[in-house]
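# Working through the structure, step by step
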Amino acid sequence: MEKQRPVIELDGRTGEGGGQLVRIACALAAVATVPIRITHVRGNREGPRGGAKGGGLKSQHVTAIEYLATATNAEVDGLSVGSHTLDFRPRLKSSSLKSRTIKIEADSPAASTLLIFQAIFPFLLFSGSSDKVDEPITLELSGGTNVSFSLSYEYLDQVLLPTLENAFGIVVQRKLISRGWSLGKASRGKCSFQFNPLRAGETLTFKDNGLGEIYGGGPGDVDLEAIDVSMIVPFAMQESMMQALVTDLEEMFPDVEVNFKVTEDSGQDSRIYVLLVGRSGELRWGRDMLTSTPKKTKTKVSAMSSESLSQSLSRKLCKELFDEVSAGGVVDEFLQDQLAIFQALAEGKTSFPRTHDENGELEQAMNKLSLDEKLQKDKTIIPFGEGSLHAKTARWVTAELLPEVKWYNKGRICHGVGMQMEKVSTR
């Protein structure tokens, strides 16, 4: 009889103290078959009217964890919307996954399908078994595709998934079937994915492809090949928004090609979404915004108000992209924290810094690891490293659940655990 592993307890108020901590913890618990207990779930989030007592599980967390619990035959307590304590004790490895066709529908149309995807994808990626070697997984998710405080389908499609393919060889076919919004009248969307999980005994391996090469150059030295624009705004705003973006991008990124990749009518003045993606080789930096027209103009977007609003939003978003690219790193603020879980699960060393390494310290550290020379590890008892609080928290969660993972150089280098599934037959 297999010895029961000790429960790992996490305080949900640590670091960013939101849903990201829950998603990463449950994903890693499912992959590694580790029992966890999260207290003060999303404890740093305000209540519905700004009160101190907020947080608790949201609909998308419950939906994702319900799937993981079923797939791993987990014992679960506290799995309900608003719950502040969650016990999740998986008992089956992901290689025991039986069904390769998965359909998940969130209870609320405003629940983010992309956050559900983030929570279950690592588990599904490591679900290869010895008797279903080449059978792909088909995943269909129903809920919101453009939701506040969540990555959008466009960001997933144009930034995260291309980076996972370039860096780790993870190929995911995807399709937006219909769009769902959290702003305006509630609308349910749907998206689908198809991918091959890692085979039993196979590890996630960093391909590099230039993603880790930041040795040389400096802030502002990145030569962008193009900037892709996805613009989903009310019809009355489309012309003014396009003109504003072209003007601002030409000013901040002279001689860089601008492509309008997606142009759609959002259908309501309460729905404005724009994504900018800067591309240089295999590198991608994304900045986006999801907002509404001000209340005083919501009844009707006039030509004058549309032009003024477009100019204001465009200026802000283009400046954010400029700042990201000028930092001299290889990822943007949001991509860095989303990659942490894959770094921890991968075999060997990976690096996705956000800032330029002027003194070559990162290259020296990478070389030391390659030569098995001693390098001081980061202290992982609290969120740590460079980047946003989300990135620091993501690293902390990986270190708590996977003690073998090692982080160096203020979180800029990760030596992953080389996770792999055993050859377990599902018959």
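Residues numbered from 1 in each chain as written. Predicted model: local features only at pLDDT ≥ 70, side-chain atom pairs only at ≥ 80, totals over all residues. Heavy atoms only, no water.

For the chain, the count of helices and strands is nine helices and 15 strands. Residues counted as buried form 56% of the 427 residues belonging to the chain. Counting every atom, the chain has about 18,700 Å² of accessible surface; 47% of that belongs to carbon and sulfur. (Helix = DSSP H or I, 4+ residues; strand = E, 2+ residues; numbered from the N terminus. Buried < 20%, exposed > 50% of the residue type's maximum accessible area, 1.4 Å probe, protein only. Areas by Shrake-Rupley, 256 points an atom, 1.4 Å probe, with all protein chains shown as cover.)

All right, on to the side chain of Asp 337 then. Note that Asp 337 resides in helix α7 (residues 333-345). Despite its burial, Asp 337 pairs with no opposite charge; the closest candidate is Arg 23, at 6.5 Å N-O. Beyond its immediate chain neighbours, meaning those up to four positions away, Asp 337 contacts Gln 20, Ser 388, His 390, Ala 391 and Ala 394. (Lys, Arg positive; Asp, Glu negative; His and termini not counted. Salt bridge = Lys/Arg side-chain N within 4 Å of Asp/Glu carboxyl O. Contact = heavy atoms within 4.5 Å.)

Detail in the predicted coordinates should be disregarded across regions flagged by low pLDDT. Summary statistics for the chain give a mean pLDDT of 87 and a share of 84% for residues scoring 70 or more. Under a pLDDT of 50 for its full length, residues 47-52 has, in the predicted model, four contacts with residues more than four places off or in other chains. Considering only residues more than four positions removed or in separate chains, one finds that residues 211-220, a stretch of pLDDT under 50, has 29 contacts. (pLDDT = per-residue confidence, 0-100.)

Either a parallel or an antiparallel arrangement is found when strands of a sheet pair, and the pairing is made through backbone hydrogen bonds. Strands sit in the order β10-β9-β11-β12 across an open sheet of four strands; the sheet is mixed. Looking at which strands have only one partner, the edges of the open sheet turn out to be β10 (257-265) and β12 (283-291). When the angles between neighbouring strand axes are averaged without regard to direction, this sheet yields 10 degrees. Here strand β9 (residues 226-233) runs beside strand β11 (residues 272-280); their pairing, made up of seven bridges, is antiparallel. Note on β11: the bridge partner recorded for Met 231 is Val 274. Running over the sheet, helix α4 (residues 153-168) touches β9, β10, β11 and β12 and is turned about 20 degrees from β11. (Pairing = 2+ DSSP bridges. Axes fitted to C-alpha atoms, helices over the stretch in contact; angles between N-to-C directions.)

Further remarks concern empty space enclosed by the protein. If a probe the size of a water molecule is rolled over the atoms, the empty space left behind becomes visible. Applying the stated rule across the entire model yields one cavity of 30 Å³ or more. A volume near 40 Å³ is recorded for the largest cavity. What lines the largest cavity is Gln 336, Ala 340, Gln 343, Phe 352, Ala 391, Arg 395, Trp 407, Gly 411 and Arg 412. Every element with two or more residues in the lining of the largest cavity is listed here: α7 and α9 (389-401). At three residues, the largest contribution of residues to the lining of the largest cavity is made by α7. Of the residues in the lining of the largest cavity, the class split is four nonpolar, three polar and two charged. (1 Å grid on protein atoms, 1.4 Å probe; cavity = no way out; pocket = protein on both sides within 12 Å on 5 of 7 lines; lining within 4 Å. Points joined across faces, edges and corners; volume = space filled by probe spheres on them. Nonpolar A, V, L, I, M, F, W, Y, C, P; charged D, E, K, R; others polar.)

Here we come to the packing of helix α1 (residues 19-32) against helix α2 (residues 59-72). Following both chains from N to C, one finds α1 and α2 inclined at 10 degrees, their axes separated by 11 Å at the closest point. Relative to α2, the element α1 is oriented roughly parallel. Residues Gly 19, Val 22, Arg 23, Cys 26, Ala 27 and Ala 30 of α1 touch α2, and the partners they reach there are His 61, Ile 65, Leu 68 and Thr 72. Its residues assigned to classes, the contact of α1 with α2 shows six nonpolar, three polar and one charged. (Parallel < 35°, antiparallel > 145°, perpendicular 65-115°, else oblique.)

Another point: the sheet that holds strand β14 (residues 406-408). A sheet is described by the order of its strands in space; here three strands give the open sequence β13-β15-β14, paired in antiparallel fashion. Each end of this open sheet is capped by a strand with a single partner; those strands are β13 (347-350) and β14. Ignoring strand direction, the axes of neighbouring strands in this sheet form an average angle of 10 degrees. Where β13 meets strand β15 (residues 413-417), four bridges bridge the pair, whose relative direction is antiparallel. The partner of Lys 349 across the bridge, within β15, is His 415. Where α7 meets the sheet, it contacts β13, β14 and β15, and its direction lies at approximately 50 degrees from that of β15.

The next subject is a negative patch on the surface. Negative charge collects at one region of the surface, where Glu 165, Asp 223, Glu 225 and Glu 282 lie side by side. Relative to the helices and strands, Glu 282 is located in the loop between β11 and β12. Among the residues examined, Glu 282 registers a relative accessible area of 32% and is labelled partly exposed. (Patch = residues over 30% accessible without salt bridge, like charges linked within 9 Å, V, L, I, M, F, W, Y side chains within 5 Å. Charge placed at Lys NZ, Arg CZ, Asp CG, Glu CD.)

This brings us to the side chain of Ser 388. Secondary-structure assignment places Ser 388 in the loop between α8 (361-370) and α9. Among the residues examined, Ser 388 registers a relative accessible area of 11% and is labelled buried. Setting aside residues no more than four positions away along its own chain, Ser 388 makes contact with Glu 333, Gln 336, Asp 337 and Arg 354.

Below, the discussion takes up the packing of aromatic side chains. Enumeration over the complete set of coordinates arrives at nine aromatic pairs. What links up through ring pairs into an aromatic cluster is the set Phe 117, Phe 121, Phe 193, Phe 195 and Phe 342. Across the ring face of Trp 407, the terminal group of Arg 395 is positioned such that the distance to the ring centre comes to 5.8 Å. (Phe/Tyr/Trp six-rings, centres within 6.5 Å; stacked < 30°, edge-to-face > 60°. Lys NZ or Arg CZ within 6 Å of the ring centre and 35° of its normal.)

Okay, the environment of Arg 37 next. Here Arg 37 is to be found in strand β2 (residues 36-39). Relative accessible area serves as the criterion here: at 30%, Arg 37 is assigned to the partly exposed category. With 48 residues separating them along the chain, Arg 37 and Thr 85 place their C-alpha atoms 7.3 Å apart. The contacts of Arg 37, once residues within four sequence positions are left out, are Val 7, Ile 8, Glu 9, Leu 10, Thr 85, Leu 86 and Asp 87. One polar contact links Arg 37 to Asp 87, side chain to side chain, over a distance of 3.1 Å. (Polar contact = N/O pair within 3.5 Å; in protein donor to acceptor, adjacent residues only side chain to side chain.)

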